[in-house]
There are 2 protein chains.
Amino acid sequence: VTSAGPGGHRLLRDVGEDGVIRTVLTRYTRYGASPAFLLVGPGDDAAVLEVSDRVVVSTDTVVEGIDFRREWSSGADVGVKVAAQSFADVAAMGARPLALVVSLAAPPDLPLAWADDLAAGLDDECVRAGAVVAGGDMAQARQVVVTGTALGVLAGPPVLRSGARPGDVVALAGEVGASAAGLALLTAAGSPRAAIALTLSASALVPAHLAPRPFYDAGIEAAHGGATALIDTSDGLLRDAARVAAASGVRIDLDLGPLSPDAGLISAARAVGDPSLAELWVLTGGEDHALLGCFPVDHPLPPAFRPVGRVLQAEDGGGDVLVGGRPWTGSPGWQHFTGG
Amino acid sequence: VTSAGPGGHRLLRDVGEDGVIRTVLTRYTRYGASPAFLLVGPGDDAAVLEVSDRVVVSTDTVVEGIDFRREWSSGADVGVKVAAQSFADVAAMGARPLALVVSLAAPPDLPLAWADDLAAGLDDECVRAGAVVAGGDMAQARQVVVTGTALGVLAGPPVLRSGARPGDVVALAGEVGASAAGLALLTAAGSPRAAIALTLSASALVPAHLAPRPFYDAGIEAAHGGATALIDTSDGLLRDAARVAAASGVRIDLDLGPLSPDAGLISAARAVGDPSLAELWVLTGGEDHALLGCFPVDHPLPPAFRPVGRVLQAEDGGGDVLVGGRPWTGSPGWQHFTGG
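What you see is a predicted model, and the numbers here were worked out from it, not measured in a lab.

### Focus: helix H8 (residues 237-248) of chain B
Residue and element names in this part refer to chain B.
Stage number 1. Taking 1.5 Å as the rise per residue, H8 with twelve residues should run 16 Å; its terminal C-alpha atoms sit 16 Å apart, in good agreement.
Stage number 2. Along H8, the positions that sit buried rather than exposed are Leu237, Leu238, Arg239, Asp240, Ala241, Val244, Ala245 and Ser248.
Stage number 3. Directly beyond the C-terminal end of H8, a positive phi value near 65° is found at Gly249.

Structure (structure tokens):
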């Protein structure tokens, strides 16, 4: 995504709400004609979409200072991130991304160019997902808060968290740990440029954190491939595996072998001074938006998925996750409000 | 809406994100079985809805300190307001409210009881609208920011802002000015209790501001009644009439007669010391979520609507609004970022 805001040095308060809307709307139409399913796009009271009979909807919020820092993330990065995390939830139902509506709450001294970049990032990731920005809202706040609500369409039944059965193969589509590693590099180095310079073999980790680019088709692959359960690993592999285990009333055992950190993660962990972090990032780092699925053992796994564990009979209601056959004793990953 | 939070004196940080989610989820199931169209409700990666072939979607955000104050609004008030403004946009397309997804960004020291009340208010207004809370998200922020995204279903074509034609009758469903008057009373008196005591004949104005309760069926009435254009007057009658005029390429002339302030508004304006405010509230006060529609002159108006003006030929592209045949020279109403 290129940053080519027409805003110059103007701020939101210089152009007002209507001016911001006029600016960002040009972003959403730069790809020419609207798709046929978008009967009414941005600009009326609501958007109107022509859909099949099942609609999937999910909402996600990112907050300045918590989920991103404006000195590290461009507006376009944040736009990509908001679209990515919303559509990853759509994909995690086995659905196809269709449309995104976005709310931007921002201080009046936010540069107009940043809001314009945000729109460009949103639009860019929507195009990547085969979707469209269908509408939005704007509000005034002390820090930037962006909420994306994604709609998707389902061709068949949704793939829930609750269908995993003992004996199923647990499989992963996409990488885990990259976003957490990217954040650690940024924290250690102080800027994206310095973080990338810190370890060139891990240079993909910083963009993986700032602007994740999930493979949404993995969700449809999983649905077609007979997945019994599916989840977006937005809060970390262990925490999200535990959600599947709890919803399905099973125990999940993850193998450390296929989850071994790759060279980039190992290099990043060394660069920030603690080689043991690489494994922690894989198991507890969130925001990668890899998909974790469970599949019947006699089905071939869809191309995007690789086996990383096994579903076991629960001993006591279910919900626990083992790593290499043993309970995990470290932190289970990020949680809002407590940070623990 | 009663405030009966089970949170006691606990704060969000005492129970963490998962604890907050467990608490609010009980609110969304208190009405028993889910409606048949809600195939998957809160608790998975996304909600799944069974719908007809046209879905309407709109998103709206309220921010603490800008759109509400926590010393004046209960969590339940804010929940009602978020649902109301989102569903009013759905109604303004001529659609029926179906579902709401909600994002709450809040500081860790927010009382759990407030979040629980918010959920109760959201649920209450959803029930009133014939809709359901289908899902949500939670994030950490310095001030409370709540984004509601409403989904609705359309039985026929959407009623846009752009279809008004010269000769149409301009008509209004619902009251305008009450929310602005309620805010003025609150500002003058300093608290909801004192504001209501300030003028008992205007006691409905304070709840009209804190927790608006629109008549959503007016949107469907308008669609069935042949409306050529329809808009939610969320930003004030003049500003929203101008949006219809601009989108339709027409001029709109509003009559002062049927828009005369009622006894409550006059009483409130006197109570805050400026009788001329009553007319200003009617013309420029937002957040009442009345519906403004345009109808062919030979159609009977639907029951919820009363005539308030006429659509005229535009002289120059359209977009201007007259009041009693003359241009309005005052402020056109609220705009974010500039406040002007």
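### Looking at the relation of the copies chain B and chain A
Stage number 1. Once chain B has been moved 0.0 Å along the axis and rotated by 180°, it coincides with chain A to within an RMSD of 0.0 Å. In the structure described here, the two chain copies are related by an operation that fits a two-fold rotation axis. Residue B:Asp53, judged by its C-alpha, is the member of chain B lying nearest the rotation axis, at 3.2 Å.
Stage number 2. When the interface residues of chain B are mapped onto chain A, 100% of them again lie at the interface, so the same face is used by both copies.

### As for the interface of chain B and chain A
Stage number 1. Taken together, the 65 residues of chain B in the interface contact 65 residues of chain A.
Stage number 2. Between chain B and chain A, a total of about 5500 Å² is buried, with carbon and sulfur atoms accounting for 55% of that surface.
Stage number 3. With its nearest N and O atoms 3.3 Å apart, the salt bridge here joins B:Arg161 to A:Asp45.
Stage number 4. Inspection of the region where chain B meets chain A yields 26 residue pairs in polar contact (both at pLDDT 80 or more).
Stage number 5. Among the residues forming the side of chain B that touches chain A, the class breakdown is 33 nonpolar, 16 polar and 16 charged.
Stage number 6. For strand S2 (residues 47-50) of chain A and strand S3 (residues 54-63) of chain B, the ladder comprises four bridges, and the chain directions are antiparallel. What sits directly across from A:Glu50, in S3(B), is B:Arg54.

### Regarding the sheet that holds strand S2 (residues 47-50) of chain B
Stage number 1. One open sheet holds the six strands; their spatial order is S5(A)-S4(A)-S6(A)-S3(A)-S2(B)-S1(B), and the pairing between them is mixed. One side of each edge strand has no neighbouring strand; the edge strands of this open sheet are strand S5 (132-140) of chain A together with strand S1 (38-40) of chain B. The sheet shows a mean angle of 25° between the axes of neighbouring strands, direction not considered.
Stage number 2. Note: strand S3 (residues 54-63) of chain A against strand S6 (residues 145-153) of chain A, nine bridges, orientation antiparallel. Across the sheet, residue A:Val55 finds its bridge partner in S6(A), namely A:Val153.
Stage number 3. Along the sheet, helix H3 (residues 112-129) of chain A contacts strand S4 (96-106), S5 and S6 of chain A; its crossing angle with S4(A), the most-contacted strand, is approximately 170°.

### With respect to the environment of B:Val282
Stage number 1. Within the secondary structure layout, B:Val282 lies in helix H10 (residues 277-284).
Stage number 2. Discounting residues that sit within four places of it in the chain, B:Val282 has contacts with B:Val176, B:Gly177, B:Leu237, B:Leu259, B:Pro261 and B:Leu265.

### Observations regarding unusual backbone geometry
Stage number 1. The backbone of A:Glu287 sits at a positive phi, close to 65°, despite the residue not being glycine.
Stage number 2. Take A:Glu287: its relative accessible area is 23%, and that puts it in the partly exposed class.
Stage number 3. Notably, B:His289 is not glycine yet its phi reads approximately 60°, a positive angle.
Stage number 4. Among the structural elements, B:His289 can be located in the loop between H10 and strand S10 (291-295).

### Overview of the packing of aromatic side chains
Stage number 1. This structure, assessed with the given rule, holds six aromatic pairs over all chains.
Stage number 2. Centre to centre, the rings of A:Phe87 and A:Tyr216 are 6.0 Å apart; their planes meet at 80°, and the pair counts as edge-to-face. Taken as a pair, A:Phe87 in helix H2 (residues 75-91) and A:Tyr216 in the loop between helix H6 (205-210) and helix H7 (217-224) lie far apart in primary sequence, 129 residues in all. A:Tyr216 shares its class with A:Phe87; the two are buried.
Stage number 3. Between B:Phe68 and B:Trp114, the ring centres sit 6.1 Å apart and the planes meet at 20°, which makes this aromatic pair stacked. Here B:Trp114 lies in helix H3 (residues 112-129) and B:Phe68 lies in the loop between S3 and helix H2 (75-91), a separation of 46 residues in the sequence. Summarising the burial analysis for this pair, B:Phe68 and B:Trp114 share the class buried.
Stage number 4. Across from the ring centre of A:Trp72, 4.0 Å away, lies the NZ or CZ of A:Arg69, which sits over that ring.

What counts and what doesn't
- Residues numbered from 1 in each chain as written.
- Chains lettered and ligands numbered in written order.
- Predicted model: local features only at pLDDT ≥ 70, side-chain atom pairs only at ≥ 80, totals over all residues.
- Heavy atoms only, no water.
- Helix = DSSP H or I, 4+ residues; strand = E, 2+ residues; numbered from the N terminus.
- Expected span 1.5 Å × (residues − 1).
- Buried < 20%, exposed > 50% of the residue type's maximum accessible area, 1.4 Å probe, protein only.
- Least-squares fit on C-alpha atoms with pLDDT ≥ 70 in both.
- Contact = heavy atoms within 4.5 Å.
- Buried area = accessible area lost by both parts, 1.4 Å probe.
- Salt bridge = Lys/Arg side-chain N within 4 Å of Asp/Glu carboxyl O.
- Polar contact = N/O pair within 3.5 Å; in protein donor to acceptor, adjacent residues only side chain to side chain.
- Nonpolar A, V, L, I, M, F, W, Y, C, P; charged D, E, K, R; others polar.
- Pairing = 2+ DSSP bridges.
- Axes fitted to C-alpha atoms, helices over the stretch in contact; angles between N-to-C directions.
- Phe/Tyr/Trp six-rings, centres within 6.5 Å; stacked < 30°, edge-to-face > 60°.
- Lys NZ or Arg CZ within 6 Å of the ring centre and 35° of its normal.

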